[in-house]
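Observations on the three-dimensional arrangement
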Amino acid sequence: MIDKIDTETLEGWLDNVRSFADAGRVADYIPALSERDPHELAAAIYYLDGDYYQAGESDCCFTLQSISKVISLALALIDNGEEYVFNRVGMEPTGDPFHSIYRLEQHRPSKPLNPMINAGALAVSDMIHGHTTEEKVGRLLSFLHELTDDQSIKVNEGVAASEFETAYLNRSLLYYLKQHGVINGDVEDTLKVYTHQCSIDVNVQSLAKIGAVFANEGRDLKSGRQIIPKHLAKICKTFMVTCGMYDASGSFAIKVGVPAKSGVSGGVMASINGFGGIAVYGPSLDEKGNSVVGFKLLEILSNRYDLSIF
Ligand code: GLN
């Protein structure tokens, strides 16, 4: 029997971590993200039996950013199969910042080390089936609607435009990948798909639900329908453990010990087999790009409720 973390208890834990936001900074390399209040804070838990609790400013919308990398990977694996995807993108953690170009130069033939860093995620976006960028983004949105059972989830066009205009580093990664035959599509088109997937607006409720579906071996919580094949959900969760928190994935595995993926908007999604999904939102980031309060809250919950998978 799990000792459930209800809304009141969760509010209490949020109060404990609120002040940690002062130790970080809101991402400003994407202009639209810099406008957020660093002290916004929300969390949600979706248990596998459908019980759901939320606390803090749970109506806050924030963009998926890098959390979208897990979702696009799941869709690209469904579309193309493991062999195709992993012929183009590797399975190893890097220890480098998420937008680093450094390792691309070191491997011949060139292959991004994993799908959770930008180079790998850009290659994955290129693999999503669809004749046009609109069709690819539309398929990704439909997939999210299925995962969350929320048809209202859509792209925040303001954030997408802001990132697209200023994505010089991601453009360079894409030109490099194009030169080396890792991506088939056009550079600007692939960037458009990627920036749109990163700019999908969610709240902690939808994010916790996605985490719970991954924890439920890819099955819808209510109907039991298999949305993501079990073995593919397992691959995604394994990447969340080894690479989900960028170059802090090792310390996160030791201190928290659960599959999780963060994004520079300040969201973190955790997915714990036999438990469910946890989402935290706090836009103040540490130097690696992870939500400071997100990391801290998950650390506290993991220790208090014995959530580590190790
Ligand atoms: N859209 C962001 C980027 O490519 C996502 C990065 C992140 O969340 N780490 O820079």
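Look a little higher up for the structure.
We now turn to the structure provided with this report. (Residues numbered from 1 in each chain as written. Predicted model: local features only at pLDDT ≥ 70, side-chain atom pairs only at ≥ 80, totals over all residues. Heavy atoms only, no water.)

**Here we look at the overall build of the protein**
- The secondary structure content of the protein amounts to 12 helices and nine strands.
- Expected size for 310 residues packed as a compact globule is a radius of gyration near 19 Å; at 18 Å, the protein falls within 12% of this value.
- Principal-axis analysis of the C-alpha atoms places the extent of the protein at approximately 55 × 40 × 35 Å.
- Burial status across the protein gives 58% buried among its 310 residues.
- Put simply, 69% of the contacts in the protein that link residues at least 6 apart link residues at least 24 apart.
- In the protein, the 27 positive side-chain charges and the 40 negative ones have mean positions that sit 6 Å from each other. (Helix = DSSP H or I, 4+ residues; strand = E, 2+ residues; numbered from the N terminus. Rg over C-alpha atoms; globule rule 2.2 N^0.38 Å. Buried < 20%, exposed > 50% of the residue type's maximum accessible area, 1.4 Å probe, protein only. Contact = heavy atoms within 4.5 Å. Lys, Arg positive; Asp, Glu negative; His and termini not counted. Charge placed at Lys NZ, Arg CZ, Asp CG, Glu CD.)

**Re the packing of aromatic side chains**
- Throughout the structure, instances matching the rule amount to nine aromatic pairs.
- Seen from their ring centres, Phe62 and Tyr281 are 4.4 Å apart, and the 5° between their planes marks the pair as stacked. In this pair, Phe62 sits in strand β4 (residues 62–63) while Tyr281 sits in strand β8 (residues 276–281), placing the two residues 219 residues apart along the sequence. The exposure classification of Phe62 matches that of Tyr281, with both residues buried. (Phe/Tyr/Trp six-rings, centres within 6.5 Å; stacked < 30°, edge-to-face > 60°.)

**Concerning the packing of helix α2 (residues 68–80) against helix α5 (residues 133–148)**
- Contact pair α2 / α5: the axes reach a minimum separation of 10 Å and the direction vectors enclose 105°. By the angle class used here, α2 and α5 are roughly perpendicular. Of α5, the residues touching α2 (which contributes Ile71, Ser72, Ala74, Leu75, Ile78 and Asp79) are Arg139, Leu140, Phe143, Leu144 and Leu147.
- A per-class count over the contact of α2 with α5 returns eight nonpolar, one polar and two charged. (Axes fitted to C-alpha atoms, helices over the stretch in contact; angles between N-to-C directions. Parallel < 35°, antiparallel > 145°, perpendicular 65-115°, else oblique. Nonpolar A, V, L, I, M, F, W, Y, C, P; charged D, E, K, R; others polar.)

**What about the site of the ligand?**
- Lining the immediate surroundings of the ligand are 13 residues, of which Tyr29, Gln65, Ser66, Tyr194 and Tyr246 lie closest.
- Between an oxygen atom of the ligand and a side-chain N or O atom of Ser66, the distance comes to 2.7 Å.
- Between the ligand and the protein, one listed contact pairs an oxygen atom with a side-chain N or O atom of Asn170 at 2.9 Å.
- Calculation on the ligand without its partners gives an accessible area of 290 Å², and the protein chains cover 99% of this total.
- Counted by class, the shell around the ligand contains seven nonpolar, five polar and one charged residues. (Near = heavy atom within 4 Å. Polar contact = N/O pair within 3.5 Å; in protein donor to acceptor, adjacent residues only side chain to side chain. Areas by Shrake-Rupley, 256 points an atom, 1.4 Å probe, with all protein chains shown as cover.)

**Looking at the side chain of Ser66**
- Within the secondary structure, Ser66 is located in the loop between β4 and α2.
- Polar side-chain contacts of Ser66 include one of 2.8 Å to the side chain of Lys69.
- What Ser66 contacts, discounting residues up to four positions off in sequence, is Asn118, Tyr246, Lys261, Ser262 and Gly263.

**Topic: the pairing of strand β2 (residues 42–47)**
- With six of six residues buried, β2 lies mostly within the body of the structure.
- Alternating residues of β2 divide into Ala42, Ala44 and Tyr46 and Ala43, Ile45 and Tyr47, and every residue in both groups is buried.
- As judged from the five bridges shared by β2 and strand β3 (residues 52–56), these two strands associate in the antiparallel manner. Along β3, the bridge assignment pairs Tyr46 with Tyr52.
- Turn length for the β2-β3 hairpin, with the two strands adjacent in sequence and antiparallel, is four residues, and the turn residue Gly50 shows positive phi of about 95°.
- Relative to β8, β2 is paired through six bridges, and the arrangement is antiparallel. (Pairing = 2+ DSSP bridges.)

**Description of helix α7 (residues 168–179)**
- Its 12 residues place the ends of α7 17 Å apart at the C-alpha level, agreeing with the 16 Å of an ideal helix rising 1.5 Å per residue.
- Those residues of α7 that sit buried are Asn170, Arg171, Leu173, Leu174, Tyr176 and Leu177.
- On the buried face of α7, the contacting elements are α4 (118–127), α6 (157–166) and α8 (187–198).
- Positive backbone phi, at 70°, marks Gly181, one or two positions downstream of α7. (Expected span 1.5 Å × (residues − 1).)

**Here we look at helix α9 (residues 204–215)**
- Helix length check: α9, at 12 residues, gives a terminal C-alpha distance of 16 Å against a target of 16 Å (1.5 Å per residue), a fit within 8%.
- Within α9, 11 of the 12 residues are buried, which leaves the element mostly enclosed by the surrounding structure.
- Sitting at the amino-terminal end of α9 is Asn203, which places a side-chain oxygen 3.2 Å from the backbone nitrogen of Gln205.
- At the C-terminal side of α9, Glu217 shows a positive phi close to 55°.

Coordinates in, geometry out; function isn't part of it.
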